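Report on the structure
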Amino acid sequence: MAKILLAEDDTSMREYLSRALERVGYEVESVGCGTEAVPLLEKDKFDLLLTDIVMPEMDGIELAQKASAIDPSIRVMFITGFAAVALQGGKTAPEAKLLSKPFHLKDLVAEVDRIFQSEDQHGRL
């Protein structure tokens, strides 16, 4: 079973996404900000970091960079309503998928499934 770390500062969105991904068979650990995610990344192995870009304390791009430094094999997917603004700030994100809010849960699940199916086809899972 693939293990996902979800970092989303909006509590209701975090719970909603977590439940949806668990319902389709993923193991999900969720946190409210990037600074909560880093210690989890350091002590546990995750297959995917699913993170909002705009969060307090540490934004999703910085979190993704730290996650990639800790585990170069981790996959990253950004979920955000502010993609254009966040990505114009001169920061570079690791190779990642981007899903803009608002999105339908089936689109999120399809994108996550696609990430793991492509890994499967390349023998990396």
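Residues numbered from 1 in each chain as written. Predicted model: local features only at pLDDT ≥ 70, side-chain atom pairs only at ≥ 80, totals over all residues. Heavy atoms only, no water.

Describing the overall build of the protein chain
Stated formally: Labels follow the DSSP assignment, with helices taken as runs of H or I lasting at least four residues and strands as runs of E lasting at least two, numbered in each case from the N terminus. Under the scheme applied here, a residue whose accessible area is under 20% of the maximum for its type counts as buried, over 50% as exposed, and between as partly exposed, the area being computed with a 1.4 Å probe on protein chains only. Contacts were defined at the residue level, with two residues in contact if any of their heavy atoms lie within 4.5 Å. The Shrake-Rupley method, run with a 1.4 Å probe, gives the accessible areas here. Residue values count only the displayed protein chains as cover.
Check the secondary structure of the protein chain and you find 5 helices and 5 strands. For the protein chain, the succession of helices and strands along the chain, N to C, is β-α-β-α-β-α-β-α-β-α. Counting the 125 residues in the protein chain, one finds 46% classified as buried. Excluding contacts between residues fewer than 6 apart, the proportion of contacts in the protein chain whose partners are at least 24 apart in sequence is 64%. As displayed, the protein chain offers around 6,600 Å² of accessible surface, 49% of which is attributable to carbon and sulfur atoms.

A few points about the UniProt feature "modified residue: 4-aspartylphosphate" (unreviewed entry) in the protein chain
Using the following cut-off: UniProt positions are given in the numbering used here, feature names are shortened, and annotations may be inferred rather than shown by experiment.
According to UniProt, the feature "modified residue: 4-aspartylphosphate" (unreviewed entry) maps to Asp52 in the numbering used here. Considering the arrangement of structural elements, one finds Asp52 in strand E3 (residues 48–52). Note on Asp52: relative accessible area 5%, which makes it buried. When near neighbours in sequence (up to four residues on either side) are disregarded, Asp52 contacts Ala7, Glu8, Asp9, Gly60, Ile79, Thr80 and Lys101.

Regarding the packing of aromatic side chains
Each aromatic ring pair is summarised here by two numbers: the centre-to-centre distance and the angle between the ring planes. Quick note on the threshold: A pair of aromatic rings is counted whenever rings of Phe, Tyr or Trp (Trp by its six-membered ring) have centres within 6.5 Å, and the orientation is called stacked for planes under 30 degrees apart, edge-to-face for over 60 and tilted otherwise. Only when the NZ of Lys or the CZ of Arg is both within 6 Å of the ring centre and within 35 degrees of the ring normal is a charge said to sit over the ring.
One pass over the structure, following the stated rule, counts 1 aromatic pair. Both rings, one in Tyr26 and one in Phe116, keep their centres 5.5 Å apart while their planes meet at 35°; by these two values the pair is tilted. With Tyr26 in the loop between helix H1 (11–23) and strand E2 (27–31) and Phe116 in helix H5 (residues 105–121), the pair connects residues that are 90 residues apart, well separated along the chain. Accessibility assignment for this pair places Tyr26 and Phe116 in one class, buried. It is Lys3 that lies over the ring of Phe46; its NZ or CZ is 5.1 Å from the centre.

Quick look at the pattern of salt bridges
What counts, and what does not: Whenever a carboxyl oxygen of Asp or Glu lies within 4 Å of a side-chain nitrogen of Lys or Arg, that contact is scored as a salt bridge.
Tallying each qualifying case throughout the model produces 5 salt bridges. With a closest N to O distance of 2.4 Å, Asp44 and Lys3 form a salt bridge. Placement of the pair is Asp44 in the loop between helix H2 (34–43) and E3 and Lys3 in strand E1 (residues 3–7), with a sequence separation of 41 residues. Relative accessible area serves as the criterion here: at 33%, Asp44 is assigned to the partly exposed category. A relative accessible area of 13% places Lys3 in the buried class. Residue Glu111 is joined to Arg114 by a salt bridge in which the shortest nitrogen-to-oxygen separation is 2.3 Å. One end of the pair, Glu111, and the other, Arg114, are both in helix H5, 3 residues apart, so they sit about a helical turn from each other. Exposure remark for Arg114: the relative accessible area of 42% places this residue in the partly exposed category.

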